[in-house]
Amino acid sequence: MMVPTSTIAATATRYAGRTQQRDAHAAALAKGSPATADTPARVEKRMMRLAATAVAEGVASAPKGVVAPAVSVFERILGKSELMSVTFLERAVAASRTVARIRIRSGGRTIGYGTGSLVGPRVLLTNNHVLGSAQEAAESLAEFNYQDGVPAPAVFALDPDTLFVTDPVLDYTLVAVRDRSADDVDVASLGYNRLIEAEGKVLLGESLNIIQHPNGELKQVALRENMLADILPQFLHYKTDTAPGSSGSPVFNDQWELVALHHSGVPSTDAQGRYLTSDGTLWDASMGEHRIHWIANEGARVSRIAPHLQQQTLPPAAQALRASLFALEAAATMPGVPVPPRASAGTGQSAVVADGVATWTIPIQVSISVGDRLAAVPRTPAVSDAPVPIGPAVPQRPASATSTSLQDALAAVEAAKAKEYFNEAKDTAARTAYYAGFDAAVDADGRFDALSALLASTHGPKPAYKPSTHVYPFVDLHPDRKLRSIYSQRTFEPEELVREDFRIQEERDSRLQGLLRSEAALSAERIALEADRLEADLPFNCEHVVPQSWYDKDEPMRGDLHHLFACEPGCNSFRGNIPFFDFPDFEEVVRTDCGKREGERFEPGAAKGIVARATLYFLLRYPGKVNGLRATYDQARLATLLSWHASHPVSLYERHRNAAIFEKQGNRNPLIDHPEWAATLDFGQGL
């Protein structure tokens with residue numbers, strides 16, 4: 001499939017405009033290595049990612065003389081070795097199984113070819129200029145194993161009715177693939193490559209690998225023949241003397257993580273602007289685009305495709321399939337590429353040795369600067385069950401004003417001021433479409449199950465727990481554009497809590513680094529334990545209405561926005577992980593602004609209907625997660641929640657939250673959209 005001339009022209013323009021930066025990169029690489037040529041921030045992210053991989057692979061316990069994959073990459077980045085682990089080849093084979101030739105068809109005949117690769121259990125990624133419409137995709141085919149030798153080719157039809165997303169700017173198309181091929185091969189047997197949004201996958205000067213079907217030919221692999229030459233906001237530029245990419249090819253780093261989607265290049269031209277071949281002769285279209293002498297390649301960054309994809313509004317079935325691409329559980333089955341799990345004891349050691357430099361001791365030693373030198377701070381005692389003094393969240397010292405993440409969060413706060421708070425007509429249409437397939441007339445048991453399935457299948461993007469980014473800027477705003485602590489209704493400016501949470505995170509980091517300096521080597525388990533203690537000692541200004549301890553802080557429960565609310569730490573600690581209760585004498589007794597707490601009972605000072613609907617949502621969305629511990633919910637406490645729900649009608653604030661969360665994570669709270677359904681549901685099924 002020939003790359004459109006407009007795409008080539010845009011790529012050539014971007015390339016020409018970056019000559020000065022590219023020359024500077026080349027000069028830095030000539031004097032040093034990727035570790036010295038790229039920016040300190042990017043080098044830090046890369047080293048951190050590789051260190052996590054090294055720990056996950058257990059390199060610290062590898063036999064003497066055995067070079068683990070992550071360690072050999074460290075050496076290459078530092079310019080000390082070009083040797084490759086044999087694991088590199090094993091992963092190349094695994095990654096190649098995910099790559100297909102796209103046979104582009106129209107009216108029953110083949111009109112061109114492209115390349116695509118699986119990025120989910122049955123989701124294929126290619127270029128927009130390869131498959132530009134759902135109709136085109138419906139007629140086209142994905143041919144896996146189209147290569148020399150065995151196994152035999154497996155031809156799959158595409159399924160754009162289930163999922164089809166395309167974008168001409170990033171030049172990507174995502175389309176569902178049928179479960180089985182024409183000769184009954186299961187698409188799941190081919191594996192897939194994850195769309196990893198995080199940066200740190202490649203540095204300037206590192207080699208890239210491309211698997212492709214150039215001009216529709218048999219599968220070919222360009223191993224380490226492309227070098228990353230420049231990094232643009234949305235694209236990567238990589239240079240090669242021998243192996244151009246073909247449309248839709250996946251571009252991998254040396255760990256076989258997907259870093260880019262190849263889409264175009266910069267052609268060599270004569271004085272008249274005509275394309276030239278590698279031997280200097282004039283090129284014509286009959287030769288195929290792979291015969292052009294490309295002086296550089298360009299691919300869309302996966303770290304830009306992933307968030308763009310998560311922001312798209314999709315129907316429920318498509319949302320569920322999209323969600324599978326980013327599910328942590330699916331990562332463990334990814335072929336070829338190691339996924340760092342939670343750290344465990346015995347896989348490596350780390351310490352902060354001096355001046356904020358983190359050192360991993362593996363077969364080689366790698367030190368990474370993680371910021372300014374921080375003094376050790378004694379850890380405060382863990383939060384007790386006793387009531388604590390309650391006061392406003394006032395920063396003890398400002399968070400770093402140079403933090404890019406902080407500036408991004410503050411920019412989101414500023415942008416929210418211009419956003420429409422709530423659009424009644426738009427929300428009514430969205431609500432109607434969301435429940436279009438739900439039959440409210442089914443029996444109570446069936447109704448609970450059906451709603452639960454709907455909430456799960458439409459819960460697409462799953463934001464990590466980061467209230468300064470996902471809660472404070474817009475989601476939790478009240479009509480006056482301020483935040484209110486959920487239990488006390490104390491008022492805060494969004495910027496105030498954003499800055500405070502960043503300060504708290506800096507304080508946690510400072511204390512953990514102080515501990516690491518004071519104790520030369522700690523196990524991964526001990527580090528995780530200390531991090532948990534610091535989180536308890538220094539909580540964010542945010543409340544999980546369903547306490548984190550009830551589900552071991554697991555995602556996606558921890559970051560589910562439907563039960564996250566602004567809450568000053570005093571009220572957060574006062575409530576602890578105690579379930580809600582309705583005291584008969586609540587209005588007469590002496591109590592704090594946060595509410596009343598006695599033993600295993602807590603009644604909030606405000607927002608009873610709001611927290612009840614958030615909890616009931618949780619039971620619907622995550623049946624079986626509550627009641628795993630002592631003193632959570634029983635039928636009597638469910639009756640309290642339902643009573644609060646009935647006594648405190650849904651507010652404009654809740655409807656705004658519901659609409660804003662729907663845009664962010666794809667699902668809704670049925671108790672806000674249809675309060676009347678609460679009386680017809682058996683929430684005991686969620687226990």
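Residue numbering note: each chain is counted from 1, following its sequence as written. Only residues with pLDDT of 70 or above have their local features reported here, since the model is predicted, and side-chain atom pairs are shown and tallied only from 80 upward, although totals for entire chains, interfaces and linings are computed over all residues. No hydrogens and no water enter the side-chain calculation; it runs on all heavy atoms of the structure.

Attention shifts here to a nonpolar patch on the surface. Patch criteria: residues need more than 30% relative accessible area and no salt bridge. Like-charged residues are merged within 9 Å; nonpolar side chains of Val, Leu, Ile, Met, Phe, Trp and Tyr are merged within 5 Å. Here the Shrake-Rupley method, with its probe set to 1.4 Å, supplies the accessible areas, and only the displayed protein chains count as covering residues. The salt bridge definition used is simple: a Lys or Arg side-chain nitrogen within 4 Å of an Asp or Glu carboxyl oxygen. Side chains of V86, L89, V221 and L223 sit close together on the surface and give an oily, nonpolar patch of about 340 Å² of accessible area. In DSSP terms, a helix is any run of H or I states spanning at least four residues, a strand is any run of E spanning at least two, and both are numbered starting from the N terminus. With respect to the helices and strands, L89 occurs in helix 6 (residues 87-96).

Within the secondary structure, Q310 sits in helix 8 (residues 302-310). Take Q310: its relative accessible area is 17%, and that puts it in the buried class. Accessible area is worked out with a 1.4 Å probe on protein chains only. A residue is then buried under 20% of its type maximum, exposed over 50%, and partly exposed in between.

When you tally the buried positions in strand 7 (residues 172-176), you get five out of five residues, the bulk of the element. The alternating pattern of strand 7 places Y172, L174 and A176 and T173 and V175 on opposite faces, both of which are buried. Note on pairing: DSSP must find at least two bridges between two strands before they are called paired. Relative to strand 7, strand 3 (residues 123-126) is paired through four bridges, and the arrangement is antiparallel. Within the sheet, the bridge partner assigned to V123 lies in strand 7 and is A176. Sheet analysis places strand 6 (residues 164-167) next to strand 7, joined by four bridges and oriented antiparallel.

Strand order across the open sheet formed by seven strands is 5-4-1-2-3-7-6, with antiparallel pairing between neighbours. One side of each edge strand has no neighbouring strand; the edge strands of this open sheet are strand 5 (154-157) and strand 6. Adjacent strand axes in the sheet meet at a mean angle of 30° when their direction is disregarded. Bridge count between strand 4 (residues 141-144) and strand 5: four bridges; the pairing is antiparallel. Note that in strand 5 the partner of A142 across the bridge is F156. Docked against the sheet, helix 8 engages strand 6 and strand 7, running at close to 55° with respect to strand 7. Between the N-to-C directions of two axes lies an angle of 0 to 180 degrees, each axis being a line fitted to C-alpha atoms and, for a helix, fitted only over the stretch in contact. Note on contacts: a residue pair qualifies if any of its non-hydrogen atoms lie within 4.5 Å across the two residues.

Each pair of aromatic rings is reported with the distance of its centres and the angle of its planes. When two rings of Phe, Tyr or Trp (its six-membered ring) have centres within 6.5 Å they constitute a pair, described as stacked for plane angles under 30 degrees, edge-to-face for angles over 60, and tilted for the intermediate range. A complete count under the given rule lists 18 aromatic pairs for this structure. With a centroid separation of 5.2 Å and 70° between ring planes, the pair formed by Y487 and F602 is classed as edge-to-face. Within this pair, whereas Y487 is found in the loop between strand 17 (483-484) and strand 18 (491-492), its partner F602 is found in strand 22 (residues 601-604), the two being separated by 115 residues in sequence. Taken as a pair, Y487 and F602 share a single burial class, namely buried. Pairwise contacts between aromatic rings join Y434, Y435, F438, F662 and W677 into one cluster. The lysine or arginine in question, R575, covers the ring of F580, its NZ or CZ lying 4.3 Å from the ring centre. Remark: a charge is flagged as sitting over a ring if the NZ atom of Lys or the CZ atom of Arg is within 6 Å of the ring centre and within 35 degrees of the ring normal. Over the face of the ring belonging to F583 we find K596, whose NZ or CZ atom lies 4.3 Å from the ring centre.

As a further point, take the sheet that holds strand 8 (residues 207-212). Pairing is antiparallel in the closed barrel, where six strands are placed in the order 8-9-10-13-12-11. On average, each strand axis in the sheet is inclined to that of its neighbour by 45°, with strand direction left out of account. Taken together, the four bridges between strand 9 (residues 220-231) and strand 10 (residues 235-239) define a ladder with antiparallel strand orientation. Opposite D230, over in strand 10, you have H237 as the bridge partner. On the sheet, helix 1 (residues 5-16) packs against strand 10, strand 12 (258-267) and strand 13 (294-301) and is oriented at approximately 95° with respect to strand 12. Sitting on the sheet, helix 6 touches strand 8, strand 9 and strand 11 (250-252), and the angle it makes with strand 8 is about 35°.

Here, a disulfide means two cysteine sulfur atoms that sit within 2.5 Å of each other. What the rule picks out here adds up to one disulfide. The residue that forms a disulfide with C571 is C594, at a sulfur-sulfur distance of 1.9 Å. Sign of the S-S torsion, about -85° for the bond between C571 and C594, identifies this disulfide as left-handed. Of the two residues, C571 is situated in helix 17 (residues 569-575) and C594 in the loop between helix 17 and strand 21 (595-598); the sequence distance between them amounts to 23 residues. Residue C571 shares its accessibility class with C594, and that shared class is buried.

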